[in-house]
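# Remarks on the overall topology
Read off the chains here:
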Amino acid sequence: MTDTQQSATQPQPQQYPQQPSFQPPAAPVQEKPARNVVGIIALVVAALGLIFACIPGALIIGWILLPIAFVLGIVAVCLKGKVKWQGITAIIVSVVGTIVGFIVFFAVVAASFSNAFGGTDAQVTTGDDTAVVEEGTADEPAEEPAAEIGTRENPAPLGSTIEGDDWTVVVNSVTLGATDEVVAANMLNEAPDAGMEYIVINYTVTYTGDDADGAIPAMVGIEYVTAAGVTVNSLDKLVVAPDEIDSLSTLYSGASVTGNTALQVPSPADGVIAVRPGMIADKVFVAIQ
């Protein structure tokens, strides 16, 4: 038997298929979100709209840009695979800008109404029972005295009664150099800025209107005007006064509330208190001493 025949008769080893080696599944590749051009445009338009909404003369431009930014912001958020934060920020800015725009609009309308019609009448009654009607009345003389009571040049004395159409205000007292009292009144109150001091104004507000739903004393304005003619209000430096007046609770006809408000003013205090007995009433100036 030849070698070839012998090898043919011998059993051949069985061949098994080679098993592939175990390979762990590859981790999915996270793609970085692409730049969102629509979101960038929406954010820029929203920022411009907010700026114009704060400018009374350019308010209409803000009202045009803000809705556009809002829509673009929504589109930017809905785009797949794109960065989202610009669109979300644009939506927020456009909403805030719209609110600011409405506030500016109503402030402009109120100011225009006051300028056009001279505001509502404000009557001042001093301790000697003399009454003076501030500018805005229909029957005032052609030439007014230069030093009319209730003006900056001749402020009404403390304790005078200032009457508007719906509100009566009496400034009871003004405490100068009240920094220590104000800082101690609330843990969040900060020390006044350099060259400034706190004053505390105590006043009484009475609602004399006839609205069945009442009104809030926040409609009455209390400000400080420096000798140089600069107006200071409570928003310039937010602090809580000792025995702070409750200006947000509703008063009904004949009801009164008394309390304090604190203002940061340049030191030494040399100005006057400006009282507005109603949102669009004429201002009456009261002496601080």
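Residues numbered from 1 in each chain as written. Predicted model: local features only at pLDDT ≥ 70, side-chain atom pairs only at ≥ 80, totals over all residues. Heavy atoms only, no water.

Taken in spatial order, the four strands make up an open sheet running S7-S6-S9-S10, and their pairing is antiparallel. With partners counted over all chains shown, the strands left at the sheet margins are strand S7 (231–232) and strand S10 (284–287), one partner each. Here strand S9 (residues 272–276) pairs with S10 via four bridges, running antiparallel. Considered in S10, the bridge of Ile273 is made with Val286. (Pairing = 2+ DSSP bridges. Helix = DSSP H or I, 4+ residues; strand = E, 2+ residues; numbered from the N terminus.)

Our next topic: helix H2 (residues 37–53). If you check H2, its first and last C-alpha atoms are 24 Å apart, about what 17 residues at 1.5 Å a residue would give, namely 24 Å. Those residues of H2 that fall on the buried side of the exposure criterion are Gly39, Ala42, Val45, Ala46, Gly49 and Ala53. One side of H2 carries all its buried residues, which in axial view fall inside an arc of 130 degrees. (Expected span 1.5 Å × (residues − 1). Buried < 20%, exposed > 50% of the residue type's maximum accessible area, 1.4 Å probe, protein only. Arc of directions from axis to C-beta.)

What follows concerns the confidence of the model for the protein chain. Per-residue confidence for the protein chain gives a mean pLDDT of 82; residues scoring 70 or more make up 77%. Mean pLDDT in the protein chain bottoms out at strand S2 (residues 131–133), which sits at 49, and peaks at strand S5 (residues 196–207), which reaches 96. Contacts of residues 133–139 to residues separated by more than four positions or lying in other chains number 22 contacts, the stretch itself having pLDDT below 50. (pLDDT = per-residue confidence, 0-100. Contact = heavy atoms within 4.5 Å.)

This part covers unusual backbone geometry. Residue Ser267 is joined to Pro268 through a cis peptide bond whose omega torsion reads 0 degrees. Within the fold, Pro268 resides in the loop between strand S8 (256–266) and S9. The residue Asp243 is not glycine, and still its phi comes out positive at about 55 degrees. Assignment of secondary structure puts Asp243 in the loop between S7 and S8.

Further remarks concern a negative patch on the surface. A surface patch of like charges, here negative, comprises Asp165, Asp166, Asp210, Asp211 and Asp213. Mapping Asp213 onto the fold places it in the loop between S5 and strand S6 (221–225). What makes Asp213 exposed here is its relative accessible area of 60%. (Patch = residues over 30% accessible without salt bridge, like charges linked within 9 Å, V, L, I, M, F, W, Y side chains within 5 Å. Areas by Shrake-Rupley, 256 points an atom, 1.4 Å probe, with all protein chains shown as cover. Salt bridge = Lys/Arg side-chain N within 4 Å of Asp/Glu carboxyl O. Lys, Arg positive; Asp, Glu negative; His and termini not counted. Charge placed at Lys NZ, Arg CZ, Asp CG, Glu CD.)

This paragraph deals with the pattern of salt bridges. Taken as a whole, this structure holds three salt bridges when the rule is applied. Notably, a salt bridge pairs Glu190 with Lys237, separated by 3.4 Å at the nearest N-O pair. Of the two residues, Glu190 sits in the loop between helix H5 (179–185) and S5 while Lys237 sits in the loop between S7 and S8, which places them 47 residues apart along the sequence. By relative accessible area, Lys237 is classed as buried at 14%. Between Asp193 and Lys237 there is a salt bridge; the shortest N-O distance is 3.2 Å. Placement of Asp193 in the loop between H5 and S5 and of Lys237 in the loop between S7 and S8 is noted, with a sequence separation of 44 residues between them. Residue classification places Asp193 among the partly exposed residues on the basis of a relative accessible area of 39%. One connected set of salt bridges, linked through shared partners, spans Glu190, Asp193 and Lys237.

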